[in-house]
Amino acid sequence: MADDKFSQKILRVAIVGSGPSGFYAAEALLKQKEVPVEVDLFDRLPTPYGLVRGGVAPDHQKIKAVTAVYEKIAQLPGFRFFGNIQLGKDIQVSDLKERYHQIVYAVGAETDRKMVIPGEDALGSHSATAFVGWYNAHPDYRDQKFDLSCESAAIVGVGNVAIDVARILAEGPEILAKTDIADYALETLRQSRIKIVYLLGRRGPAQAAYSPAEIKELGSLTTADLVVREDEARLDEASKTDYLNPENKKNVDYVQAQAKMGEGNKPRKIRLRFCVSPVEIVIEDGRVGGLKIEKNRLVSDGNGKAKAVGTGQFETLPAGLVFRSVGYRGAPISGVPFDLKSGKIPNREGRVLSSDLKNPCMGEYVVGWAKRGPSGLIGTNRADSVATVKGMLEDALAGKFGWTVPPVHPPASMEQFLRERRRRFVSFPEWKKLDQIEIEEGKRKGKTREKFSRVSDMLSALDSAVGTA
Ligand code: NAP
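All of these numbers come straight from a predicted model, not from anything done at the bench.

1. Quick word on the site of the ligand
The ligand sits among 21 residues. The nearest are N160, V161, R202, R203 and G376. R202 places a polar side-chain atom, nitrogen or oxygen, 2.8 Å from an oxygen atom of the ligand. No other element matches the 3 residues that helix α8 (residues 160–170) contributes to the shell around the ligand. Split into classes, the residues belonging to the shell around the ligand amount to 9 nonpolar, 7 polar and 5 charged.

Laid out in structure tokens, this is it:
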């Protein structure tokens, strides 16, 4: 029997994914006054915060401080967290539909795009996503191996992720030692013999995807010089429109100034190249030995955008490691519509559509990277989630999508359901215990925190905390 008080008057929402977009959706729902709402936020990991925990670089603690905002959201009345519960595995969309009026997918873009070049799967060729997850102690990447015994590494792509990877490879481990970097990653970086990091943009400096602040930081490392070729920093005809954008202008001006500084005298070099595309990973002794690149020229695509076209001039960079950093991509989840072409959950302004884009999926919504693709900074997700929530409330108030029809099961039933299925979920107070353990362990080692990197260790720590309470 459904509980009338809750199911009739309170809009019950399940949000799947506890990264920034999930938290901002919860905030927008719980802070508005028009409709009484309760939110259950699910995450496949026992830990919340998505890419803020598992993606933002450890030497960017100021950016990570945004979790204080999410903690406050978690204290709002009507909020519950179910960590360690994966949609499509531990629970199904049908289970959610029986318990909630509306579902919000805030599942991000979990995989990465490929370069699609020969040799891409060779030993020593990695996705930036995996490297980032590894140094951030993400359980999915904890057991990856990165052999940093070579002298040079190449990173393909010039977005902010590529900049993070270049900085982590080139920065002195002493800076990282005080952060929340995974202990095993710090140890590997301490042994690193990498001296040259190539950072490769397929278009010019006016089209680079990184932010001005990020490239400036890369040029200010104490351990590495940012080296740019003057011929590649020059603005060409096809880039004049892009240069009008203030951010692009800052980027161009910065690299042109940097090009004038030459080689510098720091022990490591980050060689930022423009107008070069990867064409093949050269394999030597069964692993990555180099990266063959083709020089490009830029032409206008007819819509004011500069497009890279190969010139037929090739060179091979010596590199024992190649990281592709050419963008994230969404991964399909069982029971959730997915557009294979765009890698997103198909939607119209946040309202989910069927995979063939023909029909609306009643009561299902999407926010963040799963909605618009992997672009924008953390704050971009706030307005994006607010926009989806606006539509959700309009639908609820219009009586659409079942708000007036109580879900089959009462509100508290999710806990009971998961217990019956022997699914060990982690509540927000339990996460706070893990948080405290990590911070204390960090203090002992002179670090911001020492993260758990295995789910089993997190659950054991919680079980022993209960045992000793
Ligand atoms: P991104 O910003 O989309 O950059 C992808 C890069 O890969 C671009 O330079 C792109 O060049 C290049 N690329 C794509 N396909 C390629 C190919 N086949 N060959 C060679 N190059 C190719 O993606 P991201 O770096 O993964 O970042 C994702 C989002 O997270 C961004 O919005 C970013 O700002 C954000 N982020 C922010 C921070 C921060 O603020 N510190 C840190 C990390 C990530 P084209 O432009 O030519 O396509």
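2. Let's talk about the sheet that holds strand β12 (residues 287–300)
What the 3 strands build is an open sheet, ordered β11-β12-β13; its pairing is antiparallel. The open sheet has two edge strands with one neighbour each: β11 (276–284) and β13 (306–318). Averaged over all neighbouring strand pairs, the angle between strand axes comes to 20°, with direction disregarded. Across 10 bridges, the pairing between β12 and β13 is antiparallel. Directly across from N296, in β13, lies its bridge partner G310.

3. What to know about helix α5 (residues 67–74)
Every buried residue of α5 is listed here: T67, Y70, I73 and A74. Viewed along the axis of α5, the buried residues span an arc of 105°, placing them on a single side of the element. Of the surrounding secondary structure, the elements contacted by the buried residues of α5 are α2 (20–31), α3 (50–54), α4 (61–64), β3 (79–82) and α18 (428–445).

4. Structural notes on the packing of aromatic side chains
Scanning the entire structure with this criterion turns up 19 aromatic pairs. Between Y24 and Y70, the ring centres sit 5.4 Å apart and the planes meet at 80°, which makes this aromatic pair edge-to-face. Here Y24 is found in helix α2, whereas its partner Y70 is found in helix α5, with 46 residues between them in sequence. Centroid distance F81 to F428: 6.0 Å. Interplanar angle 85°. Geometry classified as edge-to-face.

5. As for the side chain of D95
Considering the arrangement of structural elements, one finds D95 in helix α6 (residues 93–97). From its side chain, D95 meets the backbone nitrogen of Q92 in a polar contact 2.8 Å long. Discounting chain neighbours no more than four positions away, the residues touching D95 are F417 and R421.

6. Some words on the pattern of salt bridges
Tallied over the entire structure, the rule returns 51 salt bridges. In this structure, the salt-bridge partner of R167 is D164, at a minimum N-O distance of 3.1 Å. Note that R167 and D164 are positioned in helix α8 at a spacing of 3 residues, about one turn of the helix. Each member of the pair, R167 together with D164, is buried. One salt bridge connects E441 with R444, and the closest N-O pair in it is separated by 2.7 Å.

7. Some points on the packing of α2 against helix α16 (residues 380–397)
At a minimum axis separation of 8 Å, α2 and α16 run at an interaxial angle of 45°. In terms of their interaxial angle, α2 and α16 are classed as oblique. Crossing geometry of α2 relative to α16 is assigned as right-handed. Here α2 contributes P20, S21, Y24, A25, E27, A28 and L29 to the contact with α16, which in turn contributes N381, R382, S385, V386, V389, M392 and L393. Within the contact of α2 with α16, the residues separate by chemical class into 9 nonpolar, 3 polar and 2 charged.

8. Digging into the sheet that holds strand β16 (residues 347–348)
What the 7 strands build is an open sheet, ordered β3-β2-β1-β4-β18-β17-β16; its pairing is mixed. Whereas interior strands pair on both sides, the edge strands pair on one side only; in this sheet they are β3 and β16. As paired elements, strand β4 (residues 102–105) and strand β18 (residues 360–366) share 3 bridges and run parallel to each other. Bridge pairing in β18 places Y105 opposite V366. Contacts between helix α17 (residues 413–420) and the sheet are confined to β2 (37–42) and β3, with β3 contributing the most and set at about 15° to the helix.

9. Details of the environment of F452
Here F452 lies in the loop between α18 and α19 (455–468). With 69 residues separating them in the primary sequence, F452 and A383 have C-alpha atoms 32 Å apart. Other than its neighbours up to four places away in sequence, F452 contacts R53, A137, L434, I437, E438, D457, M458 and A461.

The rules behind each value
Residues numbered from 1 in each chain as written. Predicted model: local features only at pLDDT ≥ 70, side-chain atom pairs only at ≥ 80, totals over all residues. Heavy atoms only, no water. Near = heavy atom within 4 Å. Polar contact = N/O pair within 3.5 Å; in protein donor to acceptor, adjacent residues only side chain to side chain. Helix = DSSP H or I, 4+ residues; strand = E, 2+ residues; numbered from the N terminus. Nonpolar A, V, L, I, M, F, W, Y, C, P; charged D, E, K, R; others polar. Pairing = 2+ DSSP bridges. Axes fitted to C-alpha atoms, helices over the stretch in contact; angles between N-to-C directions. Buried < 20%, exposed > 50% of the residue type's maximum accessible area, 1.4 Å probe, protein only. Arc of directions from axis to C-beta. Contact = heavy atoms within 4.5 Å. Phe/Tyr/Trp six-rings, centres within 6.5 Å; stacked < 30°, edge-to-face > 60°. Salt bridge = Lys/Arg side-chain N within 4 Å of Asp/Glu carboxyl O. Parallel < 35°, antiparallel > 145°, perpendicular 65-115°, else oblique. Left-handed = near helix turned anticlockwise from the far one by under 90°.

So far we have only geometry, and geometry alone does not tell us how the molecule works.
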